[in-house]
Amino acid sequence: LTECQAGGPLTLVAKGKNAVQVADVLVGEVWLCSGQSNMAMTVSRSANFPEEQAAAEYPQIRMFTVNRVTAETPQERCQGTWQVCTPDTVGNFSATAYFFGRELHRQLKAPVGLINSSWGGTPVQAWTSLAAQQALPELQPILDGWDQQIKNYDAETSKARYEKQLAAWQTQAKQAKQSGKQPPQRPRAPVDPRESPHRPASLYNGMIEPLAPFALRGAIWYQGESNAGGPLANLYGLQLSTMIRNWRQRWGQGDFPFEWVQLPNFRAPQQAPVETSGWVIVQEQMRKTLAVPNTGMAITIDVGEANDIHPKNKQDVGKRLALWALGTTYGKQLVYSGPLFTSMAAQDGKIAVRFEHAGEGLKAAGERLKGFAIAGDDRKFVFAEAAIAGPDTVVVSSSEVAQPVAVRYAWAANPDANLFNSAGLPASPFRTDEWDSP
């Protein structure tokens, strides 16, 4: 839509044997917003809620929240509610989606519709069609595992086991209360794996398929936490790119814009030069997925919280997502991404690393640049001395490594790293080697 076409409110009239009117219809930008709990997290739980609530008079921002439901087969319809953004309603909006949409609305001067289809704790495979996953041999073990769970599930046996566990827990909780101790965690009631929101395609069937082919400008995605905790983190890039292609094919709108939030900093602060984990691998897989056309990524390794997987600063998350959309989809002239690694060159005991999206120049947030590690052929990483040597270049070295051959940056779940560009956007974690990949 062009700005002159956007607007409203209008009245939509459908005529046949009778006429149906729908009032207060807007014409504008529509984005699908999906993922797990950090997308589902509401404005009421984000930072500075009282101030955000008081300022939320945006009648041209509206959100449709899809009711959470699983399905074994693709559904034609879903349930949900459109809400106009007001101080009374904004608290229930997805915070990431709202702050993304608010920035678009402010910059484009056009109505923004946000479709929130999210569910906490869910993996990427639940949001992708079964057919798309069955086409990939690498994903077959995941599908086979769920088939086996379904085959082995017995409702009566599971119920009896749960009741026994619950009785034991009640006794333990009573004893803990009497002694002033924290009671153990209550056992969870069994869930038929056929109805699990973790089952491959279960949420695609119930919460994505019914939305197609509703006209979209693009989609934003905040998920990855549930895929970072196991041995399959290396599959995340394949899974994410498969889902993107799956949605685009289903909508039939070509390569519509798709962007995601790279996992933020989380857990204990970095101590070693490199700390490989599933969390870091998923961050890398997200960066590599930028090879898929018309995709973008909001880098957030500076706005997370060590002790909370649900960081409250969703304002910066939403704004960074909006920057990418504004700079690409909407053609605005601005710096829309944090620095991304492009190449390295080793010479005279040093390595020069180059970045794209440096803006008017790379910067260190602090007196000296931190976060880089280098290694020689022995593959032993040490913290590196790093210096900005040009608008888009950092030179790294160490007296402990005479002939460095590899560089890593921010290679930890909660890195001590401070490379930014002129727009104040952080650089993405990266590595130039694949030494500890499977």
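These lines cover the structure that appears in this document, whether it is placed above or below. (Residues numbered from 1 in each chain as written. Predicted model: local features only at pLDDT ≥ 70, side-chain atom pairs only at ≥ 80, totals over all residues. Heavy atoms only, no water.)

## Overview of the sheet that holds strand β13 (residues 372–375)
Reading across the sheet, the four strands line up as β14-β13-β17-β19 and stay open at both edges, with antiparallel pairing between neighbours. Two strands in the sheet have a free side with no partner beyond their single neighbour: β14 (382–383) and β19 (430–431). Of the pairings in the sheet, the one linking β13 to β14 comprises two bridges and is antiparallel in character. For alanine 373, the partnering residue across the bridge sits in β14 and is phenylalanine 383. (Pairing = 2+ DSSP bridges. Helix = DSSP H or I, 4+ residues; strand = E, 2+ residues; numbered from the N terminus.)

## So, helix α10 (residues 314–327)
Each α-helix turn comprises 3.6 residues. Residues three or four places apart therefore point the same way. With 14 residues, α10 ought to run about 20 Å at 1.5 Å a step, and its terminal C-alpha atoms sit 20 Å apart, in line with that. Along α10, the residues classified as buried are Lys314, Gln315, Val317, Gly318, Arg320, Leu321, Ala322, Leu323, Trp324, Ala325, Leu326 and Gly327. At the N-terminal end of α10, a side-chain oxygen is found 3.3 Å from the backbone nitrogen of glutamine 315, two or three residues along, and the residue is asparagine 313. (Expected span 1.5 Å × (residues − 1). Buried < 20%, exposed > 50% of the residue type's maximum accessible area, 1.4 Å probe, protein only. Polar contact = N/O pair within 3.5 Å; in protein donor to acceptor, adjacent residues only side chain to side chain.)

## Section: the packing of helix α8 (residues 236–251) against helix α9 (residues 278–288)
Two numbers describe how α8 lies on α9: the axes approach to 8 Å, and their chain directions differ by 40 degrees. Viewed along their axes, α8 and α9 adopt a mutual orientation that is oblique. For the pair α8 and α9, the sense of crossing is right-handed. Two secondary-structure elements touch here, α8 through Tyr236, Gly237 and Leu238 and α9 through Val282, Gln285 and Met286. (Axes fitted to C-alpha atoms, helices over the stretch in contact; angles between N-to-C directions. Parallel < 35°, antiparallel > 145°, perpendicular 65-115°, else oblique. Left-handed = near helix turned anticlockwise from the far one by under 90°. Contact = heavy atoms within 4.5 Å.)

## Describing the nonpolar core
Grouped together as the largest cluster of nonpolar side chains are 63 residues, with contacts concentrated most on Trp221, Trp247, Phe258 and Phe372. When residues of this core are assigned to their parent elements, the largest contribution, six residues, is made by α8. By size, the runner-up hydrophobic cluster in this structure holds 35 residues, among which are Trp31, Ile61, Cys85 and Val317. (Core = buried A, V, L, I, M, F, W, Y, C linked by side-chain atoms within 4.5 Å.)

## Description of the pairing of strand β6 (residues 112–118)
Among the seven residues of β6, seven are classified as buried, and the element is accordingly described as predominantly covered. Alternating residues of β6 divide into Val112, Leu114, Asn116 and Ser118 and Gly113, Ile115 and Ser117, and every residue in both groups is buried. With seven bridges joining them, strand β3 (residues 29–35) and β6 adopt parallel strand pairing. Along β6, the bridge assignment pairs leucine 32 with isoleucine 115.

These figures capture arrangement, not role.
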